[in-house]
Amino acid sequence: MKLQAVKGTRDILPNRQAFWHHVIGRVGSVMARSGVREIDVPIFEHTEVFTRSAGASSDLVVQKEMYTFTDRGGRSITLRPEFTGGVLRAFIEHGMVNWPTPVKLWSHGPIFRGEQVQRGRYRQFHQVNCELVGLPGPLIDAEAISLLYDALRACGLKDLVVRLGSVGDPEDRARHNHYLRAALNPHREALSEASKTRLVLNPLRLWDSKDPGDQELLKDLTPPLEHLSNEARDHFEGVKSYLDDWEIPVEVDPAIVRALDYYRRTAFEIHHSAIGAQSALAGGGRYDGLIGHLGGPDLPGVGWAFGVDRVLDALTVDEVGIPKESGPDLFLIPLDEEAVGEVARLARHLRAAFRVEHSYRRRNPGRGLRDAERSGAPLAGLRGAAERETHSLTVKDLVSGEQRDILEDNLPAFLRKAGRA
RNA sequence: GUGGAUGUAGCUCAGUCGGUUAGAGCGCCGGAUUGUGGUUCCGGAAGUCAUGGGUUCAAAUCCCAUCAUCCACCCCA
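Each value, and the rule that gives it
- Residues numbered from 1 in each chain as written.
- Chains lettered and ligands numbered in written order.
- Predicted model: local features only at pLDDT ≥ 70, side-chain atom pairs only at ≥ 80, totals over all residues.
- Heavy atoms only, no water.
- Salt bridge = Lys/Arg side-chain N within 4 Å of Asp/Glu carboxyl O.
- Helix = DSSP H or I, 4+ residues; strand = E, 2+ residues; numbered from the N terminus.
- Pairing = 2+ DSSP bridges.
- Contact = heavy atoms within 4.5 Å.
- Axes fitted to C-alpha atoms, helices over the stretch in contact; angles between N-to-C directions.
- Polar contact = N/O pair within 3.5 Å; in protein donor to acceptor, adjacent residues only side chain to side chain.
- Near = heavy atom within 4 Å.
- Nonpolar A, V, L, I, M, F, W, Y, C, P; charged D, E, K, R; others polar.
- Parallel < 35°, antiparallel > 145°, perpendicular 65-115°, else oblique.
- Left-handed = near helix turned anticlockwise from the far one by under 90°.
- pLDDT = per-residue confidence, 0-100.
- Patch = residues over 30% accessible without salt bridge, like charges linked within 9 Å, V, L, I, M, F, W, Y side chains within 5 Å.
- Areas by Shrake-Rupley, 256 points an atom, 1.4 Å probe, with all protein chains shown as cover.
- Phe/Tyr/Trp six-rings, centres within 6.5 Å; stacked < 30°, edge-to-face > 60°.
- Buried < 20%, exposed > 50% of the residue type's maximum accessible area, 1.4 Å probe, protein only.
- Domains from an automatic or database assignment.

Colleague: Give me the pattern of salt bridges: which residues, what numbers.
Modeller: Between side chains of opposite charge, pairing is possible as soon as their charged atoms come close. Within the structure shown, the criterion is met by 20 salt bridges. The partner of Asp309 in a salt bridge is Arg10, with the nearest N and O atoms 2.7 Å apart. Here Arg10 lies in the segment before helix H1 (14–33) and Asp309 lies in helix H11 (residues 308–317), a separation of 299 residues in the sequence. The partner of Asp141 in a salt bridge is Arg286, with the nearest N and O atoms 2.5 Å apart.

Colleague: Please set out the sheet that holds strand E9 (residues 264–271) residue by residue, giving values where relevant.
Modeller: Taken in spatial order, the 8 strands line up as E1-E5-E6-E11-E10-E9-E7-E8 in an open sheet, and their pairing is mixed. Of all the strands in the sheet, just strand E1 (37–38) and strand E8 (250–252) have a single pairing partner and so form its edges. Here E1 pairs with strand E5 (residues 103–112) via 2 bridges, running parallel. Within E5, the position partnered with Arg37 by the bridge is Leu105. The strands touched by H1 are E5, strand E6 (124–133) and strand E11 (301–307); relative to E5, the strand with the most contacts, the crossing angle is about 165°.

Colleague: Tell me about the environment of Arg286, residues and numbers included.
Modeller: Secondary-structure assignment places Arg286 in strand E10 (residues 280–286). Considered as a pair, Arg286 and Glu251 are 35 residues apart in the sequence and their alpha carbons are 18 Å apart. Within polar-contact distance, the side chain of Arg286 engages the side chain of His235 at 3.5 Å.

Colleague: Break down the protein's contact with RNA strand B for me, citing the residues and quoting the values.
Modeller: Close to RNA strand B lie 52 residues; Arg121, Arg198, Arg205, Arg361 and Glu373 are nearest. Among the atoms of RNA strand B close to the protein, meaning within 4 Å, 57% are from sugar or phosphate groups. The contact in question runs from a sugar or linking oxygen of RNA strand B to an N or O atom on the side chain of Glu115, over 3.2 Å. Side-chain polar atom of Glu387 to a base nitrogen of RNA strand B: 2.5 Å apart, as the coordinates give it. By residue number, the principal contributor to the surface near RNA strand B is helix H13 (residues 365–375), which donates 7 residues. When grouped by side-chain class, the residues that make up the surface near RNA strand B number 16 nonpolar, 14 polar and 22 charged.

Colleague: Any details on the packing of helix H5 (residues 138–155) against helix H9 (residues 230–245)? Residues and values, ideally.
Modeller: For the pair H5 and H9, interaxial distance at closest approach is 8 Å and the crossing angle is 45°. Judged on the interaxial angle alone, H9 and H5 are oblique. Viewed along their axes, H5 and H9 form a crossing whose handedness is right-handed. The residues of H9 that touch H5, namely those facing Pro138, Leu139, Asp141, Ala142 and Ile145, are His235, Gly238, Val239, Tyr242 and Leu243. For the contact of H5 with H9, the per-class residue count stands at 7 nonpolar, 2 polar and 1 charged.

Colleague: Go over the confidence of the model for chain A, please, and point to the residues and values.
Modeller: Per-residue confidence for chain A gives a mean pLDDT of 87; residues scoring 70 or more make up 94%. Per-element averaging of pLDDT across chain A places helix H3 (residues 59–62) at the bottom with 66 and E1 at the top with 97.

Colleague: Can you explain the packing of H1 against H5? Please cite residues and give values.
Modeller: Packing of H1 against H5 leaves a shortest axis separation of 8 Å and a crossing angle of 140°. It follows that H1 is oblique to H5 by the angle criterion. For the element pair H1 and H5, the recorded crossing hand is right-handed. Here His22, Val23, Arg26, Val27, Val30 and Met31 of H1 lie close against H5, whose contacting residues are Leu147, Asp150, Ala151, Ala154 and Cys155. Taken together, the residues that form the contact of H1 with H5 break down as 8 nonpolar, 1 polar and 2 charged.

Colleague: Go over a nonpolar patch on the surface, please, and point to the residues and values.
Modeller: On the surface, Ile43, Phe44 and Phe69 cluster together into a nonpolar patch covering about 270 Å² of accessible area. Relative to the elements of secondary structure, Phe44 occurs in strand E2 (residues 44–46).

Colleague: Describe the packing of aromatic side chains, naming the residues involved and giving the relevant values.
Modeller: Tallied over the full model, the rule gives 4 aromatic pairs. Ring geometry for Tyr262 and Tyr287: centres 5.9 Å apart, planes at 80°, overall edge-to-face. In this pair, Tyr262 sits in the loop between E8 and E9 while Tyr287 sits in the loop between E10 and helix H10 (290–293), placing the two residues 25 residues apart along the sequence. For Tyr262, a relative accessible area of 5% puts it in the buried group.

Colleague: Report on the domain arrangement of chain A, specifying residues and quantitative values.
Modeller: Taken as a whole, chain A is organised into domain 1 (14–168 + 228–317) and domain 2 (330–420). A C-alpha centroid distance of 49 Å is found between domain 1 and domain 2.

This is how it looks when you write it as structure tokens:
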């Protein structure tokens, strides 16, 4: 069989690199200005990190969507299917409980999930992730959401809407699950196959179903948001009012449900129309209790992640102009065999301060200038017998067509001046 | 995991009814041009027709399987 990338993985070719740098760069600058510090965690962890963080009934675990293997020491290792588990493991391991509160961390890198592939959904994909740890009140939830919103805006996306809801506290969830079971068990035969399983395992997730039959049954039931305790309700209203105050467009989604079991209270997503079925760009929520569950101090937290691949798709839809790959500052053309080496030596010298490329063999001026043109350089430097005599280059401005002799020694000064112009 | 579509040069795609040596545009390389580019002209390289099997005198073309991609479900980022 022909060698090819594994299903669900893909190469990021040189001409796409600028897009990635654009997104990571813009996000990084929003984070830096907001006091969020970057952290890198391993791409794989002990499997337990993720089974304990994602939760036993989550799809990651239940549907066996994790890339898990046994290493040579007999340890069960898993390629990270999310950032939160690893970041919180690092938080605990490095005693960040002693850092000033809140601890604000962001990361980006590849994530692995063994799901069915489709455009916008890959098995290795790139996420940007953010965790804000240590504060219980609604203000930090609102900051998390605004960080996410501002980061995506900074990338150039328009028409973003935050879908905000609350899954309540564990007691609210338990109450709601009980309520759903009681209401739907009599109709369980009418439910879709997937939803029958949900009814047993995790009834809350029924609200995720897009099956028309399921929707019909759910229509008359009250969604999770209506089942909140007073405290959770106040928390939700608090988040909402901060976001309203900051003029972030919010759509309340009373039936919002997240895939991972650890969410408490605040849950949110950001969607973008027009990128097909995979419209969710980002998601996140509050996870009080998770750090304690992982064996750390009992601290609250809130976090989110967005998929860089999908953001890039959405940017293409929004036709956001991303600066093209720029060419070198100078392109050198050797006009005879002897000049090939001379030009290479000169390029190496100039590369201490400038971007310089050259033809790798003797060129006639016409062909050489075509090479220079294609490289995207604004200036071409020709070197032949005449220039050798005077230790100079014939430097041609490829836009104006003007050209002049520049002594080798004067090239750095000349390029600096040209760069400023 | 389910349903559907697709797979021909690096890219986008033609390829008739199954019939000789599989084509085009773009791109790439060279030349026209041993001192001046973008245009133009000429030439060249590049194909396991996704892979494997089958039917046939003969398969890119028909059949089966596998792999991959895309769309939807599902799920999510």
